[in-house]
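Structural features, examined
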Amino acid sequence: MRMNLVKKCVELKMPKVNVENSTSTTSEGGKAKQAKPPPEPSALQKCADFVAAFLLGFEVRDALALLRLDDLYVERFEVKDVKTLRGEHMARCIGRLAGRNGATRFTLENATRTRIVVADTHIHILGSYANIRVARDAICSLILGSPPSKVFARLRAAAARLN
């Protein structure tokens, strides 16, 4: 897993995030020299969010957006948080979320401007707060058994309100 992250990071030019921390002072020739100022606390959190997003299954370019933009978040939930399903019912539910050749997931991503990862029974959504809410509502409707056409009709109306 670590080598995969290293290879992906080499492919892209990573934005520079300063995470060094040194607060000591030194004196040279009677002059006090202040060391580099400590990094802003959000820099370390952004680095942690980037690594977590990559490990959850998001592509590197999507995880890099967490470093560049301030209002992006990752939300995680499981299918069982919405409805208790077992066996074949769970498999059909995951199939409804993905769609044929990923078409349903792709449509959800484009309509809500989010990125969605379906990993077994775990669902991860990356996007702004309002967009995540709309995507989560659509995914919950699909889990509860609504037909995709009905969900997409509601999604179009919600996406129009967001724009």
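Residues numbered from 1 in each chain as written. Predicted model: local features only at pLDDT ≥ 70, side-chain atom pairs only at ≥ 80, totals over all residues. Heavy atoms only, no water.

1. Here we look at the packing of helix 6 (residues 103-112) against helix 7 (residues 129-143)
Close contact between helix 6 and helix 7 brings their axes to 9 Å; oriented N to C, the two are set at 150 degrees. Classified by the angle their axes make, helix 6 and helix 7 are roughly antiparallel. Read as a crossing pair, helix 6 and helix 7 show a hand that is right-handed. Contacts from Thr104, Leu108 and Thr112 of helix 6 reach helix 7 at Asn131, Val134, Ala135, Ala138, Ile139 and Leu142. (Axes fitted to C-alpha atoms, helices over the stretch in contact; angles between N-to-C directions. Helix = DSSP H or I, 4+ residues; strand = E, 2+ residues; numbered from the N terminus. Parallel < 35°, antiparallel > 145°, perpendicular 65-115°, else oblique. Left-handed = near helix turned anticlockwise from the far one by under 90°. Contact = heavy atoms within 4.5 Å.)

2. Brief notes about helix 7
If you check helix 7, its first and last C-alpha atoms are 21 Å apart, about what 15 residues at 1.5 Å a residue would give, namely 21 Å. Among the residues of helix 7, Asn131, Ile132, Val134, Ala135, Ala138, Ile139, Cys140, Ser141, Leu142 and Ile143 are the ones counted as buried. Downstream of helix 7 by one or two residues, Gly145 has phi in the positive range, about 105 degrees. (Expected span 1.5 Å × (residues − 1). Buried < 20%, exposed > 50% of the residue type's maximum accessible area, 1.4 Å probe, protein only.)

3. Digging into the state of the cysteines
Applying the stated criterion across every chain yields a total of 0 disulfides. Not part of a disulfide, Cys93 finds its nearest cysteine sulfur in Cys140, a span of 9.8 Å. (Disulfide = S-S within 2.5 Å.)

4. Points about the environment of Gly127
Tracing the sequence through the fold places Gly127 in strand 5 (residues 122-127). Overall, the relative accessible area of 2% leaves Gly127 in the buried class. Between the C-alpha atoms of Gly127 and Glu109, which are 18 residues apart in sequence, the distance is 9.6 Å. Excluding its chain neighbours within four sequence positions, the residues that come into contact with Gly127 are Asp71, Leu72, Tyr73, Thr114 and Ile132.

5. Details of the side chain of Thr104
Its place among the elements puts Thr104 in helix 6. Overall, the relative accessible area of 9% leaves Thr104 in the buried class.

6. Concerning helix 6
Residues of helix 6 that are buried: Thr104, Leu108, Glu109 and Thr112. With its buried residues spanning 135 degrees around the axis, helix 6 presents them on a single face. Looking at the buried residues of helix 6, the elements they touch are helix 5 (88-98), strand 4 (115-119), helix 7 and helix 8 (148-162). Count one or two residues on from helix 6 and you reach Arg113, which has phi positive near 55 degrees. (Arc of directions from axis to C-beta.)

7. Quick word on the nonpolar core
Core analysis: the largest hydrophobic core is formed by 21 residues, its most contacted members being Val79, Leu108, Ile123, Ile125, Ile139 and Ile143. Listing elements by their share of this core, those giving two or more residues are helix 5, strand 5, helix 7 and helix 8. Counting residues in each nonpolar core, the second largest holds 14 residues, with Ala53, Leu56, Ala63 and Leu66 among its members. (Core = buried A, V, L, I, M, F, W, Y, C linked by side-chain atoms within 4.5 Å.)

8. Examining the pairing of strand 4
As judged from the 5 bridges shared by strand 4 and strand 5, these two strands associate in the antiparallel manner. Looking at strand 5, one finds that Val117 is bridged to His124. Two successive antiparallel strands, strand 4 and strand 5, enclose a turn made up of 2 residues, where Asp120 displays a positive phi of approximately 60 degrees. (Pairing = 2+ DSSP bridges.)

Honestly, that's just the spatial picture; any functional story needs more than this.
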